[in-house]
Amino acid sequence: MADLGNGSIRTFEDLERFETEKTLEQRLPERSILDVFIASAERHGDAFAMTMLMTGAPDEQPRRVTYHQLLELIRGAANVFSDLGGPAPGVAYMLPSLIETHVTLWAAETAGYAVPINFLLQPDSIAELLKASGAKILVALGSHPQLDIWQKALELRDRVPGLILVRVCPPGTPVEDGVIDFGTALMAQPNDHLIFGEPRGGDDVAAYFHTGGTTGVPKLVAHTHRGQLVAAFGGASMCGYTAEDVLTATLPLFHVAGTIVTGLSAFMAGVELVIMSPAGLRNPAIVEGYWRLVAQYKATLVGGVPTAVGAVLQVPVGDHDIGSIRAGLTGAALLPPAIGARFKEVTGHTLYEILGMTEASGLISIDPLCGPGGIGSVGWPLPYTQVDVLRLNADGGLGEVCAAGEIGVIAVSGDHVSPGYRNPDHNAGVFNDGVLNSGDLGYKDEQGRIYIAGRSKDLIIRSGHNIDPAMIENAMSTHPAVAVAAAVGQPDAYAGELPVCFVQLHPGIDVSSEDLHAHARSSIDERPAWPKEIEIIETIPLTTVGKIYKPSLRCEAARLKVRDLVHNELGMPGADIDVIDGGARGMRVTVTLAEGDWEKIPALEKELASYLFEAVVQAQ
């Protein structure tokens with residue numbers, strides 16, 4: 001059983017002592033993902049591993065699974081996949097958050113490898129991911145009144161030769177020709193042993209997670225058993241998870257945050273997960289009833305992506321007793337300071353920020369939940385891993401280690417770093433001799449805490465959803481009127497960033513904004529990537545070597561957003577707005593108010609605190 005330290009890590013000195021007292025091998029004897037569930041069943045067999053809420057209604061009788069039952073389900077499902085797909089099959093899944101989703105994921109990793117799929121993607125993109133991953137089996141949710149997963153699954157079976165379709169559905173659902181029923185197949189397999197011998201483990205590939213937006217060429221990140229185990233162990237140790245914890249599980253299981261820090265890490269420590277409906281915090285009923293459910297199930301750890309946490313904090317706690325809470329967790333996107341402050345005000349506890357990355361098996365650093373927390377920090381590196389902030393050389397390579405407070409590129413090394421992409425052609429500039437170039441800009445303080453200051457790569461992160469700007473640019477460039485397109489993230493108080501696109505038209509051609517938006521909707525697969533605004537400008541700025549200069553466009557996008565807020569919404573048309581690239585948070589916005597508006601400075605400062613940039617409000 002992993003030695004997690006029982007919440008002993010509070011300070012950097014504690015972390016150093018934790019690493020020197022024992023080796024990683026001494027603290028983490030597990031070799032495979034299945035070993036985690038065997039150990040948890042031995043120690044916490046009759047305790048609840050998962051409580052499944054379908055609606056969150058006050059009178060709902062939830063489905064509950066103990067650690068012993070979970071182990072049986074995983075073994076049985078692993079036998080199903082081996083029986084269907086042969087040795088080490090690739091098992092893809094398109095499922096909302098269910099007990100069956102966890103069973104599918106961990107069983108797939110035990111028998112072969114898992115391929116988690118975002119079921120909101122369009123069939124073209126999913127088909128490419130299935131082909132690139134080599135998956136033989138697709139596990140999908142059956143017919144549902146609100147979700148079109150099953151319709152997509154049937155289409156994919158016709159488009160991907162040899163794909164075996166497994167359906168997750170309620171008992172008694174009519175049989176479909178050529179479709180394997182998950183529940184029926186489970187009952188036909190033993191659940192006390194594996195029929196295929198030893199489980200996968202060590203350096204075997206456990207999963208392929210897709211990253212970023214879909215650009216036509218899927219980027220699939222390899223996770224090994226060793227990598228996931230080290231990441232999960234680090235997460236459990238830094239979070240101080242214990243078997244007394246009850247964690248509200250709200251993140252989707254096609255995302256590494258949902259599978260590792262609020263998944264495998266929790267199972268490693270015997271935590272009870274309360275799965276808050278298949279849709280999590282995308283379910284309005286769960287958001288509205290969140291504090292009631294926290295009180296009802298005595299949750300000790302709560303959270304979600306910053307936008308979801310912000311939505312929950314708009315709901316009054318009322319007379320619900322939320323005294324069981326000991327901490328909040330957030331990640332997948334940068335945390336606006338205003339949300340962190342509001343969480344503290346509502347719960348009396350700190351909302352701790354996590355830095356994760358698919359290429360690092362889901363986790364890089366955490367501010368220890370048993371410590372005081374560092375405002376704006378994503379904490380210290382996981383135990384037995386290394387995170388450095390390196391200078392960016394003129395040639396784009398990584399140089400020397402930066403001094404404290406000096407902004408550079410965050411580089412990661414350790415056993416949790418992925419061996420690379422399934423297609424090694426994608427590795428250049430990301431993986432180099434075991435070192436991961438995260439693409440994030442950041443710095444360390446004197447105590448070694450890590451702070452994020454922006455991104456050297458151009459991903460747009462909307463509510464934790466990674467959007468590749470190239471997808472938007474490629475689509476917009478197919479419009480006959482568009483000469484050049486450049487997509488960037490525009491600051492947003494709710495989503496962190498929203499995609500906007502600047503376009504330069506061909507000479508002598510005119511086009512309406514409505515026409516451009518219609519083109520975007522018809523040619524971009526992912527709805528979250530549809531540009532919120534499309535700005536027609538005379539010339540797209542370029543560098544001296546002819547590349548699009550995005551820092552100036554990001555600044556312009558922020559200026560337009562703040563101008564609309566200050567001039568129109570807040571009624572201060574005389575305000576001057578200046579935006580520059582750089583600073584501790586990657587962008588600095590300065591608003592200078594005319595004399596008659598000086599009394600509005602505190603209100604404006606409060607409004608701007610919801611955004612991720614640095615904000616300065618001053619009198620003229």
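Quick summary incoming for the structure in this document.

**Describing the overall build of the protein chain**
Across its full length, the protein chain carries 18 helices and 30 strands. The buried share among the 620 residues of the protein chain stands at 57%. Looking at the protein chain alone, contacts between residues at least 24 apart form 67% of all its contacts between residues at least 6 apart. In the protein chain, which carries 44 positive and 74 negative side-chain charges, the distance between the mean positions of the two groups comes to 2 Å.

**Looking at the pattern of salt bridges**
Inspection of every chain in the model, using the stated rule, returns 22 salt bridges. Arg167 serves as the salt-bridge partner of Glu176, at 3.2 Å between the closest nitrogen and oxygen. Through salt bridges that share partners, Asp3, Glu21, Lys22 and Arg27 make up one connected network.

**Here we look at the nonpolar core**
Of all hydrophobic cores here, the largest spans 108 residues; its most connected members are Phe37, Phe81, Met94 and Tyr241. Sequence-distant contacts of Met94, that is, excluding residues within four places in its chain, are made with Ile117, Phe119, Ile126, Leu138, Val139, Ala140, Leu141, Ile149, Lys152, Ala153 and Leu156. Leu281, Ala308, Leu313 and Val315 belong to the second-largest nonpolar core, a separate cluster that totals 29 residues.

**A few points about the packing of aromatic side chains**
In total, this model carries 14 aromatic pairs according to the counting rule given. Considering the side-chain rings of Phe81 and Phe182, the 6.4 Å spacing of their centres and the 25° angle between planes classify their relative orientation as stacked. Taken together, the residues span a long stretch of sequence, with Phe81 in helix α4 (residues 67-85) and Phe182 in helix α8 (residues 182-187) at a distance of 101 residues. Owing to a relative accessible area of 3%, Phe182 belongs among the buried residues under this scheme.

**Examining the packing of helix α3 (residues 33-44) against α4**
Two elements in contact, α3 and α4, have axes separated by 8 Å at closest approach and are oriented at 150°. Put simply, α3 runs roughly antiparallel to α4. The two elements α3 and α4 meet at a crossing, and its hand is left-handed. Taken together, the residues of α4 that come into contact with α3 (itself represented by Leu34, Phe37, Ile38, Ser40, Ala41 and His44) are Tyr67, His68, Leu70, Leu71, Ile74 and Arg75. Residue composition of the contact of α3 with α4, grouped by class: 8 nonpolar, 3 polar and 1 charged.

**Describing the sheet that holds strand β29 (residues 587-593)**
Here we have 3 strands laid out as an open sheet, ordered β28-β29-β30, and mixed in their pairing. Looking at which strands have only one partner, the edges of the open sheet turn out to be β28 (576-581) and β30 (614-619). Within this sheet the neighbouring strands show an average axis-to-axis angle of 15°, counted without direction. Bridge count for β29 against β30 is 6 bridges, and the pairing is parallel. Within the sheet, the bridge partner assigned to Val591 lies in β30 and is Val617. Across the sheet, helix α18 (residues 601-608) lies against β29 and β30, angled at about 170° from β30, the strand it touches most.

**Quick notes on helix α15 (residues 469-476)**
Of all 8 residues making up α15, 6 are buried, and the element is well covered by its neighbours. All of the buried residues in α15 are Pro469, Met471, Ile472, Glu473, Ala475 and Met476.

**Notes on the side chain of Ser418**
Its place among the elements puts Ser418 in the loop between β19 (408-413) and β20 (431-432). Those residues in contact with Ser418 that lie beyond four places of it in its chain are Val221, Ala222, Glu359 and Phe431.

**A closer look at the state of the cysteines**
Under the defined criterion, the tally for this structure stands at 0 disulfides. No disulfide involves Cys239; its sulfur sits 8.8 Å from the nearest other cysteine sulfur, which is in Cys370. The exposure class assigned to Cys239 is buried, which follows from its relative accessible area of 0%.

**Quick word on the packing of α4 against helix α5 (residues 99-111)**
Two elements in contact, α4 and α5, have axes separated by 8 Å at closest approach and are oriented at 55°. In this view, α4 runs oblique relative to α5, as classed from their interaxial angle. The element α4 and its partner α5 pack so that their crossing is right-handed. Each of Leu70, Leu73, Ile74, Ala77, Ala78, Phe81 and Ser82 in α4 lies in contact with α5, whose residues at this interface are Val103, Thr104, Trp106, Ala107, Ala108, Thr110 and Ala111.

**Notes on helix α12 (residues 290-297)**
Most of α12 sits out of view: 6 of its 8 residues are buried. Positioned one or two residues after α12, Lys298 has a phi angle of 55°, which is positive.

**Describing the environment of Tyr113**
Along the chain, Tyr113 falls in strand β4 (residues 113-116). Tyr113 gets classed as buried once you look at its relative accessible area, which sits at 10%. Along the chain, Tyr113 and Pro89 lie 24 residues apart, while their C-alpha atoms are 6.4 Å from each other.

**With respect to the environment of Arg157**
Within the element layout of this structure, Arg157 appears in helix α7 (residues 149-159). Under the relative-accessibility criterion, Arg157 is labelled partly exposed at 26%. Considering only alpha carbons, one finds Arg157 and Ile577, 420 residues apart in sequence, at a separation of 54 Å.

**A closer look at the pairing of strand β8 (residues 205-210)**
Across the 6 residues of β8, 6 count as buried, placing the element largely inside the fold. Across 5 bridges, β8 lies against strand β9 (residues 220-224) in antiparallel orientation. By the bridge assignment, His210 is partnered in β9 with Leu220.

**Here's the deal with the environment of Asp581**
Checked against the element boundaries, Asp581 lands in strand β28. Sequence-wise, Asp581 and Asp564 are 17 residues apart; in three dimensions their C-alpha atoms are separated by 20 Å. Excluding its chain neighbours within four sequence positions, the residues that come into contact with Asp581 are Pro551, Cys555 and Gly586.

**A short note on a negative patch on the surface**
A cluster of acidic residues, Glu533, Asp564, Glu569 and Glu607, forms a negative patch on the protein surface. Looking at where Asp564 falls in the secondary structure, it is placed in helix α17 (residues 550-569). For Asp564, a relative accessible area of 33% puts it in the partly exposed group.

**Re the sheet that holds strand β26 (residues 496-505)**
Consider a sheet: its strands pair through backbone hydrogen bonds, and that pairing is either parallel or antiparallel. A sheet is described by the order of its strands in space; here 3 strands give the open sequence β25-β26-β27, paired in mixed fashion. Sheet topology places β25 (482-492) and β27 (533-536) at the edges, where each strand pairs with a single neighbour. The sheet shows a mean angle of 25° between the axes of neighbouring strands, taken without regard to direction. Both β26 and β27 contribute to a ladder of 4 bridges, which runs parallel. When the bridges of β27 are listed, Cys501 appears paired with Ile534. Its contacts with the sheet put helix α16 (residues 513-523) on β25, β26 and β27, and the angle it makes with β27 is roughly 130°.

Parameters at a glance
Residues numbered from 1 in each chain as written. Predicted model: local features only at pLDDT ≥ 70, side-chain atom pairs only at ≥ 80, totals over all residues. Heavy atoms only, no water. Helix = DSSP H or I, 4+ residues; strand = E, 2+ residues; numbered from the N terminus. Buried < 20%, exposed > 50% of the residue type's maximum accessible area, 1.4 Å probe, protein only. Contact = heavy atoms within 4.5 Å. Lys, Arg positive; Asp, Glu negative; His and termini not counted. Charge placed at Lys NZ, Arg CZ, Asp CG, Glu CD. Salt bridge = Lys/Arg side-chain N within 4 Å of Asp/Glu carboxyl O. Core = buried A, V, L, I, M, F, W, Y, C linked by side-chain atoms within 4.5 Å. Phe/Tyr/Trp six-rings, centres within 6.5 Å; stacked < 30°, edge-to-face > 60°. Axes fitted to C-alpha atoms, helices over the stretch in contact; angles between N-to-C directions. Parallel < 35°, antiparallel > 145°, perpendicular 65-115°, else oblique. Left-handed = near helix turned anticlockwise from the far one by under 90°. Nonpolar A, V, L, I, M, F, W, Y, C, P; charged D, E, K, R; others polar. Pairing = 2+ DSSP bridges. Disulfide = S-S within 2.5 Å. Patch = residues over 30% accessible without salt bridge, like charges linked within 9 Å, V, L, I, M, F, W, Y side chains within 5 Å. Areas by Shrake-Rupley, 256 points an atom, 1.4 Å probe, with all protein chains shown as cover.

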